[in-house]
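# Chain and residue survey
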Amino acid sequence: MAEPDFIVPPPGLVPQAPQPHAPDRTVRAVPRTLPTFAPAGPLIGAPGAPLPKPPSRDAAPAVATPSPTESPAVPSTPAAPVTGPAWRLVAASGFEVVIDGPVVLGRDPQPAATPGARPVAVDDPARTVSKTHAYAEPIAEGLRVTDLRSTNGVRVEGPDGAVRELAQGEPTLVAVGSALYLGEFGLRVDGLARPV
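Residues numbered from 1 in each chain as written. Predicted model: local features only at pLDDT ≥ 70, side-chain atom pairs only at ≥ 80, totals over all residues. Heavy atoms only, no water.

## Focus on the overall build of the protein
Across its full length, the protein holds zero helices and twelve strands. Starting at the N terminus and walking to the C terminus, you meet the elements of the protein as β-β-β-β-β-β-β-β-β-β-β-β. Burial analysis of the protein (196 residues in total) assigns 37% to the buried set. Across the protein, the fraction of contacts at a sequence separation of at least 24, relative to all contacts at a separation of at least 6, is 61%. Entry remark: accessible area of the protein is about 12100 Å², with carbon and sulfur atoms responsible for 59%. (Helix = DSSP H or I, 4+ residues; strand = E, 2+ residues; numbered from the N terminus. Buried < 20%, exposed > 50% of the residue type's maximum accessible area, 1.4 Å probe, protein only. Contact = heavy atoms within 4.5 Å. Areas by Shrake-Rupley, 256 points an atom, 1.4 Å probe, with all protein chains shown as cover.)

Below, the structure is given as C-alpha cells:
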C-alpha cells in the first residue's frame, strides 16, 4: 500500500498506540476583590437593613381595579419641590436611586406616560417589573407612589409589617422605612439628609 493511501486511526482508538501529551486546559479562577461603596450621605431610618423577602401576593387584600379603558390617575401638577430631606430607593442588588423630583420607574420607562417625570430604568432580572411600572414623587411625609397599570402590581410593606397592594392609578403615601415592591423587585425607602 502506498504511503499517501494509508489511514491513520484517531488517537485513543488503538490501545497500544502511544498517546500524545495533551496540554493542560484547566481554567482557574483569578481571585479578585470587588469594590465597596460608601453611602451617598447619612441615612434617616434603617441604614444597611436587608430588604425583607417579598410578601406573597395572596397576603395582600384584594383591591378593585379600574376598567381597562380608564387611564391611571397621575397627578396633573407635580408636587412642590422638597427643600428638606430627599428620599432614596435602595434594592438588595445594589440598585439605588435618589428621588428629588417626580420619576417614572420601570424596565424601560416611557416619560410620555408622565410628562415632566424623570425616567429611571430598573434592572429586574426576573422581569416582574413592567416597562412603565410606577410613578413616584417626593413629598414631606415620604413618597407618593402611583401604579401605572403595571402587570404585576405595586405592593407596600410598612415598617409595622402590614402589606397592602396599591390600586392602579391611585396615588398612595409610602413612608420612610417601608419596602416598595414593583412586581417582585423590592426597594427600601430611606431618607437622605441633604447637605446644608
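## What to know about the sheet that holds strand β5 (residues 118-121)
The mixed open sheet is built from five strands, whose spatial order is β5-β4-β6-β7-β10. In the strand order of this sheet, the two ends are held by β5 and β10 (172-175), each with one partner. Between one strand axis and the next, the sheet turns through 30 degrees on average, direction left out of account. Across four bridges, strand β4 (residues 103-106) lies against β5 in parallel orientation. Looking across to β5, one finds that V103 is bridged to R118. (Pairing = 2+ DSSP bridges. Axes fitted to C-alpha atoms, helices over the stretch in contact; angles between N-to-C directions.)

## Looking at the confidence of the model for the protein
For the protein, the average pLDDT comes to 75, and 58% of its residues sit at 70 or higher. No element of the protein has a lower mean pLDDT than strand β1 (residues 43-44), which averages 42, and none a higher one than strand β11 (residues 179-182), which averages 96. In this model residues 60-72 is a low-confidence stretch, pLDDT under 50, and it forms 20 contacts with partners more than four residues away in sequence or in other chains. Per-residue pLDDT stays below 50 along residues 76-82; that stretch engages in ten contacts with residues further than four places along the chain or on separate chains. (pLDDT = per-residue confidence, 0-100.)

## Quick notes on unusual backbone geometry
With a phi close to 60 degrees, R127 is a non-glycine residue in the positive phi region. If you trace the backbone, R127 turns up in the loop between β5 and β6 (134-139). Judged by relative accessible area, which is 57%, R127 ranks as exposed. A positive phi is found at R149, a non-glycine position, where the angle reads about 60 degrees.

## With respect to the environment of T114
Considering the arrangement of structural elements, one finds T114 in the loop between β4 and β5. Judged by relative accessible area, T114 falls into the buried class, the value being 1%. With eleven residues separating them in the primary sequence, T114 and V103 have C-alpha atoms 8.4 Å apart.

## A short note on the packing of aromatic side chains
Per the counting criterion, the structure on display carries one aromatic pair. Ring plane angle 70 degrees and centroid distance 6.1 Å describe the contact between F95 and F185, whose orientation is recorded as edge-to-face. Placement of the pair is F95 in the loop between β2 (86-90) and β3 (96-99) and F185 in strand β12 (residues 185-192), with a sequence separation of 90 residues. Each member of the pair, F95 together with F185, is buried. (Phe/Tyr/Trp six-rings, centres within 6.5 Å; stacked < 30°, edge-to-face > 60°.)

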